[in-house]
Amino acid sequence: MKETINCAVLGLGRLGYWHACNLTKIKGANLTCVVDPLEGRAEQVARELGAEKWSQDVEDIIKDDNVEAVVIVTPTSTHADLITKMADAKKHIFVEKPLTQNVNEADQVIDVIKKNQGFCQVGFMRRFDPDYAEAKRRIQNGDIGQPLYFKGVSRDGNIPPVEFLKNSGGIFLDLAIHEYDIARFLLDQEITEVHSTGSVLLHSFMKDLNDADSANSYLTFDQGAAGDIEASWIAHNAYDVRGEVIGSEGAIQIGSMRRRNINILNKSGSSHELIPDFPTKFEDAYYLELEHFIDSLRKSKAPLCNEIDGKIALEAAAAATKSFHTNKPVKLQAIYS
């Protein structure tokens, strides 16, 4: 077993910074270098976290034989190019979702990874969230019998800035894609058809983007299960992510809006604290997915969520987007072999 993996983080926005912080706490990970094109940002983070090197140019990572693994947290439009370059440079890869901007790019990077016999993990952190992981274990254990139906909810009132949304790929690719991945993960079935609808209910500028701020997808699966997914940018009361799997002998409900499982009782009535945002909800999951990445590299094990999983979720999101625009169901290709 390899003792230490030398890592570089590419992209030091909010999530990239969190990943860099987490790497400093994970056994077997050595944060060697951080990269960001914004002048001074990489140096600032490197000095704060104790990284040996910093740069504004990802080319410096390609040339650095000391860097064994990269964590890519850059805009989606850059993913295909960076994965290709890092795979050709024989770097191990962790890339935030989505794998690429479109399925054609996904095919190309998968070929490059395969050619280089590379390692790639895609950042679908819900698979590592303790609640979802326990639900997966219970389903595999047969606690609810045969899984028949998945229901997923992703509601967020913290809508990203317009400039981000212009290049995000839309609500199905940027937000609902987490639900498509966790649905097939929990059910252990593949999505065969998606029928999606959407509306602009609150944020009128979404009409100019040909997008929706509230959307639904109905899914069918290859072993007979079905499901529905709600994704929205209009939930200003709390960050609300929940799931449910209904089986032939019971059901599993996953998550809640509560930040802590306590009630406050006073003269004004009763209340409880709500989860405000996704960092609070998935703080543990973000840590655990990187811990899994490092542990898998140290032990030469395959990751729980690889580039093929990334492509499948991407195809589901692309099908949902097409369905939304055409108002027709869209079948998925059998790409999971």
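It should be noted that the structure appears before, not after, this text.
Residues numbered from 1 in each chain as written. Predicted model: local features only at pLDDT ≥ 70, side-chain atom pairs only at ≥ 80, totals over all residues. Heavy atoms only, no water.

**Student:** Whenever I open this one, the side chain of Lys 136 confuses me. Can you help?
**Tutor:** Tracing the sequence through the fold places Lys 136 in helix H6 (residues 130–140). No salt bridge is formed by the buried Lys 136. Its closest oppositely charged neighbour is Asp 188, at 4.7 Å. Non-local contacts of Lys 136, meaning those with residues more than four positions away in its chain, are made with Phe 185, Leu 186 and Asp 188. (Helix = DSSP H or I, 4+ residues; strand = E, 2+ residues; numbered from the N terminus. Buried < 20%, exposed > 50% of the residue type's maximum accessible area, 1.4 Å probe, protein only. Lys, Arg positive; Asp, Glu negative; His and termini not counted. Salt bridge = Lys/Arg side-chain N within 4 Å of Asp/Glu carboxyl O. Contact = heavy atoms within 4.5 Å.)

**Student:** Honestly, unusual backbone geometry in this entry has me stumped. Any pointers?
**Tutor:** Peptide bonds are, in most cases, trans, and in most cases residues other than glycine have a negative phi. For the bond from Lys 97 to Pro 98, the omega torsion is -10 degrees, close enough to zero to count as cis. In the Ramachandran plot, Asp 188 falls in the positive-phi region, its phi being about 60 degrees despite a non-glycine side chain. Examined against the element boundaries, Asp 188 turns out to sit in the loop between helix H8 (171–187) and strand S8 (191–199). You can call Asp 188 exposed: its relative accessible area is 57%. In this model, Ser 300 sits at a positive phi of 55 degrees, which is unusual for a non-glycine residue. The topology assignment puts Ser 300 in the loop between helix H10 (283–299) and helix H11 (307–326). Classification of Ser 300 as exposed rests on a relative accessible area of 71%.

**Student:** I tried to follow the pairing of strand S6 (residues 120–123) on my own but got confused; where do I start?
**Tutor:** Both faces of the sheet carry side chains from a regular strand, because those side chains alternate between them. Residues Cys 120 and Val 122 line one face of S6 and the alternating positions Gln 121 and Gly 123 line the opposite face, and both faces are buried. For strand S5 (residues 92–96) and S6, the ladder comprises four bridges, and the chain directions are parallel. The partner of Val 95 across the bridge, within S6, is Val 122. Each parallel crossover has a hand, and the one from S5 via helix H5 (residues 103–115) to S6 is right-handed. (Pairing = 2+ DSSP bridges. Right-handed = clockwise from strand over helix to strand, strands pointing away.)

**Student:** Mind showing me how you'd approach the pattern of salt bridges here?
**Tutor:** For the structure on display, the rule yields 25 salt bridges. Among the salt bridges present, the one from Asp 240 reaches Arg 155, with a minimum N-O distance of 3.1 Å. Here Asp 240 is found in strand S11 (residues 240–247), whereas its partner Arg 155 is found in strand S7 (residues 147–155), with 85 residues between them in sequence. Overall, Arg 155 belongs to the partly exposed group, its relative accessible area being 26%. Taken together, the salt bridges that share partners define one network made up of Arg 127, Asp 181, Arg 184, Glu 190 and Asp 309.

**Student:** Sorry if this is basic, but what is going on with the pairing of strand S10 (residues 226–232) here?
**Tutor:** Summarising burial for S10: seven of the seven residues are buried, a large majority. A two-sided burial pattern is seen for S10, the buried positions comprising Ala 226, Asp 228, Glu 230 and Ser 232 on one face and Gly 227, Ile 229 and Ala 231 on the other. The pairing of S7 with S10 spans seven bridges and is classified as parallel. Residue pairing in the sheet places Phe 150 in a bridge with Gly 227 of S10. Summarising the sheet, strand S9 (residues 214–221) and S10 pair through seven bridges and their orientation is antiparallel. If you follow Leu 219 over to S10, its bridge partner there is Gly 227. Joining the antiparallel neighbours S9 and S10 is a turn of four residues, in which Gly 224 adopts a positive phi near 100 degrees.

**Student:** Honestly, the sheet that holds S5 in this entry has me stumped. Any pointers?
**Tutor:** For sheets, the rule is that strands pair by backbone hydrogen bonds, running either parallel or antiparallel. Reading across the sheet, the six strands line up as S3-S2-S1-S4-S5-S6 and stay open at both edges, with parallel pairing between neighbours. Each having just a single partner strand, strand S3 (53–55) and S6 make up the two edges of the open sheet. Strand after strand, the sheet turns through a mean of 20 degrees between neighbouring axes, direction not considered. Where strand S1 (residues 5–10) meets strand S2 (residues 29–35), six bridges bridge the pair, whose relative direction is parallel. Bridging from a neighbouring strand, Ala 8 pairs with Cys 33 of S2. Along the sheet, helix H1 (residues 14–23) makes contact with S1, S2, strand S4 (69–72) and S5, crossing S1 at roughly 165 degrees. (Axes fitted to C-alpha atoms, helices over the stretch in contact; angles between N-to-C directions.)

**Student:** Please clarify how the packing of aromatic side chains should be interpreted in this entry.
**Tutor:** The way to describe two aromatic rings as a pair is by their centre distance and the angle between their planes. Summed over the entire model, instances satisfying the criterion amount to four aromatic pairs. Measuring from ring centre to ring centre gives 5.8 Å for Phe 119 and Phe 293, while their planes differ by 50 degrees; the resulting arrangement is tilted. Placement of Phe 119 in the loop between H5 and S6 and of Phe 293 in helix H10 is noted, with a sequence separation of 174 residues between them. Of the residues examined, Phe 293 reaches a relative accessible area of 0% and is grouped as buried. On the numbers, 5.6 Å between centres and 50 degrees between planes, the contact of Phe 172 with Phe 324 is tilted. (Phe/Tyr/Trp six-rings, centres within 6.5 Å; stacked < 30°, edge-to-face > 60°.)

**Student:** What's the story with the nonpolar core in this structure? I'm lost.
**Tutor:** Buried together is how nonpolar side chains tend to be arranged in soluble globular proteins. Ranked by size, the top nonpolar core spans 98 residues in total, and within it Tyr 180 and Leu 186 carry the most contacts. Tallying contributions element by element places H8 first for this core, with twelve residues. (Core = buried A, V, L, I, M, F, W, Y, C linked by side-chain atoms within 4.5 Å.)

**Student:** I would appreciate a short explanation of H8 in the present structure.
**Tutor:** Along an α-helix, residues three or four positions apart point the same way, because every turn accommodates 3.6 residues. Across its 17 residues, H8 extends 23 Å between first and last C-alpha, which sits within 8% of the 24 Å expected from 1.5 Å per residue. Taking the largest bend as the criterion, H8 deviates by roughly 50 degrees, centred on Ile 177. Across the 17 residues of H8, 17 count as buried, placing the element largely inside the fold. In the stretch just after H8, Asp 188 is the one whose phi turns positive, near 60 degrees. (Expected span 1.5 Å × (residues − 1). Bend = angle between axes of the 7 residues up to and from the residue.)

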